[in-house]
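Inside the fold
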Amino acid sequence: MSSISRVVSLTFVVHKFKVGVLSRCMLVHAETSSPSMCVSLYEATYSKSSRRYKGTINTVLHHVAYLFTWAENNLPDLECRLLKGCGVDFQDIKKFGNWLDKNIKSKTDGKQVCGYPREIMGNCKRFVIWFVESCAPISSRGLGVNYNFHELIKAHELCWLRCMSGNTNDPIAPNITDEQLCNIEAILHNALSDSGDEDSS
């Protein structure tokens with residue numbers, strides 16, 4: 001987008017390549033060219049889906065590059081957390097959102113580009129929650145497993161929506177109370193405790 005100016009340079013970039021006649025892409029470190037394993041997994045799964053659109057996945061990975069750039073200095077175990085299905089904690093999502101607000105500006109007058117940080121957060125939310133859905137350790141059996149899984153995903157979604165700038169007037173994502181936030185944290189904590197993977201959080 002020509003109207004966007006970044007205060008910091010992205011340390012992760014989208015690299016495009018071809019496999020036969022198919023266009024593919026991956027997220028790599030700008031200096032080392034090392035690819036992200038979890039992003040490659042996400043892209044490979046997306047490329048096999050019936051809803052694949054090259055432009056869409058390019059945009060998603062470009063937005064995810066912001067998350068990985070921020071995480072390099074603030075959440076170095078992001079890749080491990082994603083592959084374990086742990087997601088990103090509320091406080092870290094909030095810090096990432098604040099970082100976006102400070103670092104994405106308009107080239108014309110230095111003001112924030114309306115809606116763009118929220119667009120980035122939205123794609124990062126879907127990216128992270130995909131790993132929670134795919135990799136989260138759910139230990140319950142029987143009828144309870146569906147309820148626990150639903151509550152786990154809902155908790156992660158609420159954490160992201162709570163931190164996305166401009167969501168105060170969104171009827172789909174109203175502000176949540178301190179009591180609701182405590183319940184969300186308890187659900188995430190219990191899910192990891194039940195799996196015996198509490199230390200990873």
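Notes on the structure in this doc start here. The written sequence of each chain sets the order in which its residues are numbered from 1. Whole-chain, interface and lining totals are the exception, using all residues; otherwise, since this is a predicted model, local features are given only for residues with pLDDT of at least 70 and side-chain atom pairs are given and counted only at 80 or more. Only heavy atoms go into the side-chain values, all of them from the structure, while hydrogens and water stay out.

Moving on, we come to the overall build of the protein chain. Going along the chain from the N terminus, every DSSP run of H or I of four or more residues is numbered as a helix, and every run of E of two or more is numbered as a strand. Regarding its fold elements, the protein chain presents seven helices and four strands. Along the chain direction, N to C, the helices and strands of the protein chain fall in the order β-β-β-α-α-α-α-β-α-α-α. Relative to its 201 residues, the protein chain shows a buried fraction of 39%. Contact between two residues is taken to exist if any of their heavy atoms lie within 4.5 Å; hydrogens are not considered. Taking all contacts inside the protein chain whose residues are at least 6 apart in sequence as the whole, residues at least 24 apart take part in 64%. Method for areas: the Shrake-Rupley scheme with a 1.4 Å probe, in which residue coverage is limited to the protein chains shown. Of the accessible surface of the protein chain, which amounts to about 11,300 Å², a share of 52% is contributed by carbon and sulfur atoms. Think of it in three bands: with a 1.4 Å probe and only protein chains considered, a residue is buried below 20% of the maximum accessible area for its type, exposed above 50%, and partly exposed in between.

Any helix carries an expected span of 1.5 Å times its number of residues minus one. Taking 1.5 Å per residue, 20 residues should reach 28 Å; helix α6 (residues 144–163) reaches 29 Å between its end C-alpha atoms and fits that length. All buried positions along α6 are accounted for by Glu151, Leu152, Ile153, Ala155, His156, Cys159, Trp160 and Cys163.

Below, the discussion takes up the pairing of strand β3 (residues 22–29). The sheet contact formed by strand β2 (residues 12–19) and β3 spans eight bridges and is antiparallel. Bridge pairing in β3 places Val19 opposite Leu22. Strands are treated as partners if at least two bridges between them are detected by DSSP. Counted along the chain from β2 to the antiparallel partner β3, the turn is two residues long, and its residue Gly20 has a positive phi close to 65°.

Geometry of aromatic contacts follows a simple scheme: Phe, Tyr and Trp rings, the Trp one being its six-membered ring, pair when their centres are within 6.5 Å, and the pair is stacked under 30 degrees between planes, edge-to-face over 60, tilted otherwise. As enumerated under the stated definition, the model contains nine aromatic pairs in all. For the ring pair Phe127 and Phe131, a centre distance of 5.1 Å and an interplane angle of 70° mean the geometry is edge-to-face. Residue Phe127 and its partner Phe131 are both found in helix α5 (residues 116–135); the two are separated by four residues, about one turn of the helix. A connected cluster of aromatic rings, assembled from ring pairs, spans Phe12, Tyr42, Phe68, Phe127, Trp130 and Phe131.

The next subject is the nonpolar core. Tyr66, Phe68, Phe96 and Phe127 are the most contacted members of the largest nonpolar core, which has 49 residues in total. Sorting the residues of this core by element identifies β3, α1 (37–48), α2 (54–74), α3 (78–83), α4 (90–103), α5, α6 and α7 (178–195) as the ones contributing at least two each. At 10 residues, the largest contribution of residues to this core is made by α2. When near neighbours in sequence (up to four residues on either side) are disregarded, Phe96 contacts Tyr66, Leu67, Trp70, Ile120, Met121, Cys124 and Trp160. We define the nonpolar core as a collection of buried residues of types Ala, Val, Leu, Ile, Met, Phe, Trp, Tyr and Cys that are connected through side-chain atoms lying within 4.5 Å of one another.

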